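Residue-level structural notes
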Amino acid sequence: MSWLTRARAALRGVREWWDSASGPVRWSVYLLLIVGAVLLPADAVGNVMSPDSNWADLLFFPIGGYILLAIGLNVVVGQAGLLDLGYVAFFAIGGYTMAILGEKVGWSFWEILPVGIVVAALSGVILGAPTLRLRGDYLAIVTLGFGEIIRITARNTPAIGGPNGISGIPHPPTLTDWSIPDVEPFTSLGLGGLAPFEYGVLDARPYYYLMLAAIIVAIVFVVRLNRSRVGRAWAAIREDEDAAELMGVPTFKFKLAAFAIGAAIGGSAGVLYGAQVTSLNPAHFEFMVSALILAAVVLGGAGNLPGVILGAFIVAWLPERFRELKDYRMLFFGLALVLMMALRPEGLLPSRRRKAELEEGTGGMGGLGAGVAGPDGDPHEVKAEVAG
């Protein structure tokens, strides 16, 4: 038995145990995961995970930021089966909302955060309303164009700094001066004396905890949605949009909701990012960010939230961990992605539904899976593409 077969058997065993676990056991696991995430900025962890970079900075962005963005994109791609190649646009909208209202209008972070989420959600509706009747490659091209329009507009608008962007964005106001006691075990972990709610320039750990809180809220929100009528509608649309519409599912409305929700989560990530970096310019929102977030979703297992989080962590962390390889690190990173997709195309932690769809030849993401070879080696056409 190869190591890959053993790993898959172990994963099946863990899933079977999790499916049969009681409520208190599951909540205990959730609590342990949160405690582990809180302790993640410890120096002992950083010395192993990122010896050549500031671990706290990496935890906030790209790691934390990519995870939050991947959760939002997973709503669009993994749950509703809609290919969005311009997701970075909503990240940019959230960031520029923070920059404009914070630096030019003088609002505080806590006032801007809900506004940035709403503005990004409205942008998702504006993009989706005229375009969501398109499918597959056509929708991908339109969303790609939207992402580039936002970036180029920001670069060519002097009122928001043009190519130089906006600087002087205010930090979130300090909530309390309380700090973690400088006693064991916190001292050994490097967390002694940390003020987790004091947002300054030098220490990125308070921003990481702010990002962690946003990630937890997004996870709870998305999981609740996925278990509701909305989530079932998204699954039906992803598997066969025409059949779902014939069965009475208002597909356009639910696709528009997926775009708005995904955009809102992306906008929240942009607001948090802008508040920490204090200076934004269009170069922060290149197409490559959209490509990396999409790679994270597919690598981890589209439609499965734990897999998506794992994929985003790997995509954000690996290039930084091997920074000593300099220019070659991206070459090895790309090679690792190619090998992963060749050996495990369903992702690291795929959802059972997506894995079954992939074995049937649909690719597990609705129209995105067209032409994927099934078990017999012949590519099957996605039903949703037939109508097109």
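What counts, and where the lines are drawn
Residues numbered from 1 in each chain as written. Predicted model: local features only at pLDDT ≥ 70, side-chain atom pairs only at ≥ 80, totals over all residues. Heavy atoms only, no water. Helix = DSSP H or I, 4+ residues; strand = E, 2+ residues; numbered from the N terminus. Buried < 20%, exposed > 50% of the residue type's maximum accessible area, 1.4 Å probe, protein only. Areas by Shrake-Rupley, 256 points an atom, 1.4 Å probe, with all protein chains shown as cover. Axes fitted to C-alpha atoms, helices over the stretch in contact; angles between N-to-C directions. Parallel < 35°, antiparallel > 145°, perpendicular 65-115°, else oblique. Contact = heavy atoms within 4.5 Å. Nonpolar A, V, L, I, M, F, W, Y, C, P; charged D, E, K, R; others polar. Phe/Tyr/Trp six-rings, centres within 6.5 Å; stacked < 30°, edge-to-face > 60°. Lys NZ or Arg CZ within 6 Å of the ring centre and 35° of its normal. Core = buried A, V, L, I, M, F, W, Y, C linked by side-chain atoms within 4.5 Å. Patch = residues over 30% accessible without salt bridge, like charges linked within 9 Å, V, L, I, M, F, W, Y side chains within 5 Å. Salt bridge = Lys/Arg side-chain N within 4 Å of Asp/Glu carboxyl O.

**Considering the overall build of the protein chain**
The helix and strand tally for the protein chain stands at 17 helices and two strands. Of all 388 residues assigned to the protein chain, the portion counted as buried reaches 46%. By element, 66% of the accessible surface of the protein chain is carried by carbon and sulfur atoms, the whole surface being about 18400 Å².

**A few points about the packing of helix 5 (residues 88-105) against helix 7 (residues 136-155)**
Taken N-terminus to C-terminus, the directions of helix 5 and helix 7 make an angle of 30°; their axes are 8 Å apart at the nearest point. Between helix 5 and helix 7, the angle falls in the class roughly parallel. Between helix 5 and helix 7, the contacting residues are Ala89, Phe90, Ala92, Ile93 and Tyr96 on the first element and Phe146, Gly147, Ile150 and Ala154 on the second. Per-class residue counts for the contact of helix 5 with helix 7 are eight nonpolar, one polar and no charged.

**Things to note about the packing of aromatic side chains**
Applying the stated criterion to the full structure yields 14 aromatic pairs. Taking 5.9 Å as the distance between ring centres and 5° as the angle between the ring planes, the aromatic pair formed by phenylalanine 61 and phenylalanine 91 counts as stacked. Here phenylalanine 91 lies in helix 5 and phenylalanine 61 lies in helix 4 (residues 55-79), a separation of 30 residues in the sequence. Overall, phenylalanine 91 belongs to the buried group, its relative accessible area being 1%. Ring geometry for phenylalanine 91 versus tyrosine 273: centroids 5.4 Å apart, planes at 45°, classification tilted. In this pair, phenylalanine 91 is assigned in helix 5 and tyrosine 273 in helix 12 (residues 251-277), connecting sequence segments 182 residues apart. With a relative accessible area of 10%, tyrosine 273 lands in the buried category. Linked through ring pairs, Phe61, Tyr66, Phe91, Tyr96, Tyr273 and Phe285 together constitute an aromatic cluster. Of note, arginine 133 hangs over the ring of phenylalanine 252, and the distance from its end group to the ring centre comes to 4.3 Å.

**Description of the environment of proline 319**
As for its position among the elements, proline 319 is in helix 14 (residues 305-321). Taking the relative accessible area as the measure of exposure, proline 319 reaches 10% and is therefore buried. Taking the C-alpha atoms as reference points, proline 319 and glycine 334, 15 residues apart in sequence, are found 9.8 Å from one another.

**Considering the nonpolar core**
Core analysis: the largest hydrophobic core is formed by 96 residues, its most contacted members being Trp55, Ile63, Leu68, Ile71, Phe109 and Trp234. The element contributing the most residues to this core is helix 4, with 15 residues. Excluding residues that lie within four positions of it along the chain, tryptophan 234 makes contacts with Val75, Gln79, Ala80, Leu225, Phe254, Ala257, Ala258 and Ile261.

**Section: a nonpolar patch on the surface**
Together, Phe322, Leu325, Tyr328, Leu331, Phe332, Leu335, Leu339 and Leu343 line one region of the surface with nonpolar side chains, adding up to about 820 Å² of accessible area. Relative to the assigned elements, leucine 335 resides in helix 15 (residues 328-343).

Spatial relationships are all this shows, so hold off on functional conclusions.
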